[in-house]
Amino acid sequence: MTDDSGSAFQAGRTGLIVRIPEAEPTVRKWRERLDPSARAGVPAHVTVLFPFLDESRTDSSVCSALAGVLGSHHAFDLRFERCGWLPEVLYLVPEPDTQLRRLTEAIADRWPEAPPYGGRYTEIVPHLTIAQGGDDAVLEEVEADLAGGLPFTSHVTSVELMVYDGKKWQERASFALG
């Protein structure tokens, strides 16, 4: 859950994620080394919306509204069988990504003041970040190593609200999909 601006780890920041526990055996060692969000307590995940509202705004009415928006979407399966690249980012590609995009769009429609990626990018690219930064040779080594742990699937049944407390990202709430 980083946004490349250096401001991802501000106390009170929030984000919505889908945990992918099935990824941990394959990605943990690389994420701990090469993904700052992993070192800050974020599990293997696909971001639904980051940044979301400041923690001071995520009261019971926002949580109730999130439960309603997310509860109107059904649980779904994702398959991870290949890596993708963004500038200086190596990630696993979730397929199909249609449901993830719909979740992001639904939340952004409900809270237009919280656009995906803070409004920095127009295209929503669901992904499970493995590594950020580093040189291409290192990222290519990571990609080759990951091939042995692919493919795997994940059944998505909830979305988690994560909050940065100044030291670590913590789960504040979990919202079941319908």
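Just so you know, these numbers come straight off a predicted model, no measurement behind them.

Rules used in this analysis
Residues numbered from 1 in each chain as written. Predicted model: local features only at pLDDT ≥ 70, side-chain atom pairs only at ≥ 80, totals over all residues. Heavy atoms only, no water. Pairing = 2+ DSSP bridges. Helix = DSSP H or I, 4+ residues; strand = E, 2+ residues; numbered from the N terminus. Axes fitted to C-alpha atoms, helices over the stretch in contact; angles between N-to-C directions. Buried < 20%, exposed > 50% of the residue type's maximum accessible area, 1.4 Å probe, protein only. Lys, Arg positive; Asp, Glu negative; His and termini not counted. Salt bridge = Lys/Arg side-chain N within 4 Å of Asp/Glu carboxyl O. Polar contact = N/O pair within 3.5 Å; in protein donor to acceptor, adjacent residues only side chain to side chain. Contact = heavy atoms within 4.5 Å. Patch = residues over 30% accessible without salt bridge, like charges linked within 9 Å, V, L, I, M, F, W, Y side chains within 5 Å. Areas by Shrake-Rupley, 256 points an atom, 1.4 Å probe, with all protein chains shown as cover. Charge placed at Lys NZ, Arg CZ, Asp CG, Glu CD.

Enquirer: Looking at this structure, how should I read the sheet that holds strand S3 (residues 76-86)?
Expert: In a beta sheet, neighbouring strands are held together by backbone hydrogen bonds and run either parallel or antiparallel to one another. Across the sheet, which stays open at both edges, the four strands sit in the order S5-S4-S3-S6 with antiparallel pairing between neighbours. Unpaired on one side and paired on the other, strand S5 (128-132) and strand S6 (152-156) mark the two borders of the sheet. Shown here is a sheet whose adjacent strand axes are inclined to one another by a mean of 30 degrees, direction ignored. As judged from the four bridges shared by strand S4 (residues 89-95) and S5, these two strands associate in the antiparallel manner. Bridging from a neighbouring strand, Val89 pairs with Gln132 of S5.

Enquirer: Got a minute to help me understand unusual backbone geometry in this structure?
Expert: Most peptide bonds are trans, and most residues other than glycine sit at a negative phi. Looking along the chain, the bond that leaves Phe50 and enters Pro51 is cis, with omega of -10 degrees. Checked against the element boundaries, Pro51 lands in the loop between strand S2 (45-49) and helix H3 (60-71). For the bond from Glu95 to Pro96, the omega torsion is -10 degrees, close enough to zero to count as cis. Note on placement: Pro96 falls in the loop between S4 and helix H4 (98-110). Within the chain, Glu88 stands out as a residue other than glycine whose phi angle is a positive 60 degrees. With a relative accessible area of 57%, Glu88 lands in the exposed category. Here the phi dihedral of Tyr117 falls at roughly 60 degrees; this positive angle occurs in a residue that is not glycine. Inspection of the secondary structure puts Tyr117 in the loop between H4 and S5. You can call Tyr117 partly exposed: its relative accessible area is 22%.

Enquirer: How should I be thinking about the side chain of Glu160 in this particular structure?
Expert: Within the secondary structure, Glu160 sits in strand S7 (residues 158-164). For Glu160, which is buried and forms no salt bridge, the nearest opposite charge comes from Arg19, at a distance of 4.1 Å. A distance of 2.8 Å separates a polar atom in the side chain of Glu160 from a polar atom in the side chain of Ser158. Setting aside chain neighbours within four positions, we find Glu160 in contact with Gly15, Leu16, Ile17, Arg19, Glu171, Ala173 and Ser174.

Enquirer: Is there a simple way to think about a negative patch on the surface in this case?
Expert: Together, Glu88, Asp135, Asp136 and Glu140 give the surface a local cluster of negative charge. Locating Glu88 in the fold gives a position in the loop between S3 and S4.

Enquirer: Please explain the sheet that holds S2 as it appears in this structure.
Expert: The strand order across the open sheet formed by four strands is S2-S1-S7-S8, and the pairing between neighbours is antiparallel. Of all the strands in the sheet, the pair left with one neighbour each is S2 and strand S8 (169-176). Going across the sheet, the axis of each strand differs from the next one's by a mean of 35 degrees, ignoring polarity. As paired strands, strand S1 (residues 14-19) and S7 are joined by four bridges and run antiparallel to one another. Bridge pairing in S7 links Leu16 to Leu161. Across the sheet, H3 is in contact with S1, S7 and S8; its angle to S8 comes to roughly 55 degrees. Relative to the sheet, H4 contacts S1, S2 and S7, its axis offset from that of S2 by approximately 30 degrees.

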